[in-house]
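Single-letter residue listing:
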Amino acid sequence: MSIELETAVKAAEAASKIIRKYSEQNKHFDIELKGKNDLVTDADLASEKEIIKIISEQFPDDQILAEESASNAGLTDARTWIIDPIDGTTNFAHRFPVFCVSIGFWEHQQAQAAVVLEVNQNELYTAGKGEGAFLNGIPIHISKQTNPGQALIATGFPYKELDLLDDYLELFKSLIHNTHGVRRPGSAAYDLCCLAAGRCEGFYEYGLAPWDVAAGTLILQEAGGVVSDWSGGDNWLFGERYVAGNHQVHSFLLDEIKKHIPAGKIER
């Protein structure tokens, strides 16, 4: 395990202790609205502060791109940590039990190390570039199910940007008819880790931010998965339109997206 991955694990575990303190002890926390249906809680702020503290102590010159404190959403070739202190804040605020700490380390605009820690089940997903993906230290791999009709698909529903809602619901209806089912856990980082662990075969969503997918994508890729934007290109980190799966289901989802989303809305 690289020093970057070790540091990310340490930071994620420290953050999860803070989150559990708020959650398990039913501790009161303040909830603020950053925008329509976009929540931030005291736990988000406290856990992000702890993550940044631990990373900065080990790597004081590295750049930080974190959800609650980012002044911009750009990425350079510099060493950069992309952090979501609680992915699934709406779940957390409602005490719905799926939310994660997500930490990705990037350099030269490529993911190098990743940690996603699902707090409630204490599931620690890790990956280093070229080193495979792991759940609590055990190697994980994507599902070998290639038949879309037997595939389980994960997704997220839009809550801030609703301009695609009608088309998105048509896509959703088609997938209900043509797959084994569609699930919505409420955390993109968790969705990608479930995909990496073979629990589902595909994932799609729009309106995602870099910190939602920066860590989970490396875990998925190291488990054998494929990821792209909705046009099949590489603009998934900042392009806000994301689709992933094993090779066959990824292709199937791209075809379904093209059938139901107007061409002018495929890209942001």
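Residues numbered from 1 in each chain as written. Predicted model: local features only at pLDDT ≥ 70, side-chain atom pairs only at ≥ 80, totals over all residues. Heavy atoms only, no water.

Trainee: Any chance you could explain the overall build of the chain here in plain terms?
Mentor: The secondary structure content of the chain amounts to 8 helices and 14 strands. Computed over C-alpha atoms, the radius of gyration of the chain comes to 17 Å, within 12% of the 18 Å expected from 2.2 N^0.38 for 268 residues, which places it in the range of a compact globule. Across its three principal directions, the C-alpha atoms of the chain cover 50 × 40 × 35 Å. Among the 268 residues that make up the chain, the fraction classed as buried is 56%. Counted over contacts in the chain with a minimum sequence separation of 6, partners at least 24 positions apart contribute 65%. Carbon and sulfur atoms provide 48% of the accessible area of the chain, an area that totals close to 11800 Å². Once the 23 positive and 39 negative side-chain charges of the chain are each reduced to a mean point, those two points are 4 Å apart. (Helix = DSSP H or I, 4+ residues; strand = E, 2+ residues; numbered from the N terminus. Rg over C-alpha atoms; globule rule 2.2 N^0.38 Å. Buried < 20%, exposed > 50% of the residue type's maximum accessible area, 1.4 Å probe, protein only. Contact = heavy atoms within 4.5 Å. Areas by Shrake-Rupley, 256 points an atom, 1.4 Å probe, with all protein chains shown as cover. Lys, Arg positive; Asp, Glu negative; His and termini not counted. Charge placed at Lys NZ, Arg CZ, Asp CG, Glu CD.)

Trainee: Mind showing me how you'd approach the pattern of salt bridges here?
Mentor: Side chains that differ in charge, positive against negative, can pair when their charged atoms come close. With the rule as written, the count across this model stands at 7 salt bridges. Between E4 and R79 there is a salt bridge; the shortest N-O distance is 3.1 Å. Of this pair, E4 sits in helix α1 (residues 3–24) while R79 sits in the loop between β3 (63–66) and β4 (80–87), placing them 75 residues apart in sequence. As a salt-bridge pair, E256 and K259 come within 3.4 Å of each other at their nearest N and O atoms. Taken as a pair, E256 and K259 lie in helix α8 (residues 247–260) at a separation of 3 residues, close to a single helical turn. For E256, a relative accessible area of 4% puts it in the buried group. Linked through salt bridges whose partners overlap, the residues forming this network are E4, D62 and R79. (Salt bridge = Lys/Arg side-chain N within 4 Å of Asp/Glu carboxyl O.)

Trainee: Would you mind going over α8 with me for this structure?
Mentor: One turn of an α-helix holds 3.6 residues; hence residues three or four places apart share an orientation. Here α8 is 14 residues long and its end C-alpha atoms lie 20 Å apart, about the 20 Å a rise of 1.5 Å per residue gives. Every buried residue of α8 is listed here: V249, H250, F252, L253, L254, E256 and I257. In this fold, the buried residues of α8 make contact with β10 (152–155), α4 (165–178), β12 (202–206), β13 (226–228) and β14 (241–245). (Expected span 1.5 Å × (residues − 1).)

Trainee: How should I be thinking about the packing of aromatic side chains in this particular structure?
Mentor: Aromatic ring pairs are described here by two measures, namely the spacing of the ring centres and the angle between the planes. This structure, assessed with the given rule, holds 11 aromatic pairs. One aromatic cluster is present, built from ring pairs that chain together W106, F203, W236 and Y242. Sitting over the ring of F59, R79 keeps its end group 4.9 Å from the ring centre. The ring of W230 is capped by R241, whose NZ or CZ atom sits 5.8 Å from the centre of that ring. (Phe/Tyr/Trp six-rings, centres within 6.5 Å; stacked < 30°, edge-to-face > 60°. Lys NZ or Arg CZ within 6 Å of the ring centre and 35° of its normal.)

Trainee: Help me understand the sheet that holds strand β11 (residues 181–183), please; the structure alone is not making it clear to me.
Mentor: Strands sit in the order β11-β10-β12-β14-β13 across an open sheet of 5 strands; the sheet is mixed. Among the strands making up the open sheet, the edge pair consists of β11 and β13. Between one strand axis and the next, the sheet turns by 20° as a mean value, whatever way the strands run. Running at roughly 170° to β12, α4 makes contact with β10, β11 and β12 of the sheet. Where helix α5 (residues 188–196) meets the sheet, it contacts β10, β12 and β14, and its direction lies at approximately 160° from that of β12. (Pairing = 2+ DSSP bridges. Axes fitted to C-alpha atoms, helices over the stretch in contact; angles between N-to-C directions.)

Trainee: What's the story with the environment of E240 in this structure? I'm lost.
Mentor: Looking at where E240 falls in the secondary structure, it is placed in the loop between β13 and β14. Assessed through its relative accessible area of 17%, E240 is described here as buried. It is 12 Å that separates the C-alpha atoms of E240 and A188, two residues lying 52 residues apart in sequence. Leave out the neighbours within four places in its chain, and E240 touches E161, E205, Y206, G207, L208 and R268.

Trainee: Whenever I open this one, the state of the cysteines confuses me. Can you help?
Mentor: Among covalent bonds in proteins, the disulfide is the one between the sulfur atoms of two cysteines. By the definition in use, this model includes 0 disulfides. With no disulfide of its own, C100 has C193 as its nearest cysteine by sulfur position, at a separation of 6.6 Å. (Disulfide = S-S within 2.5 Å.)

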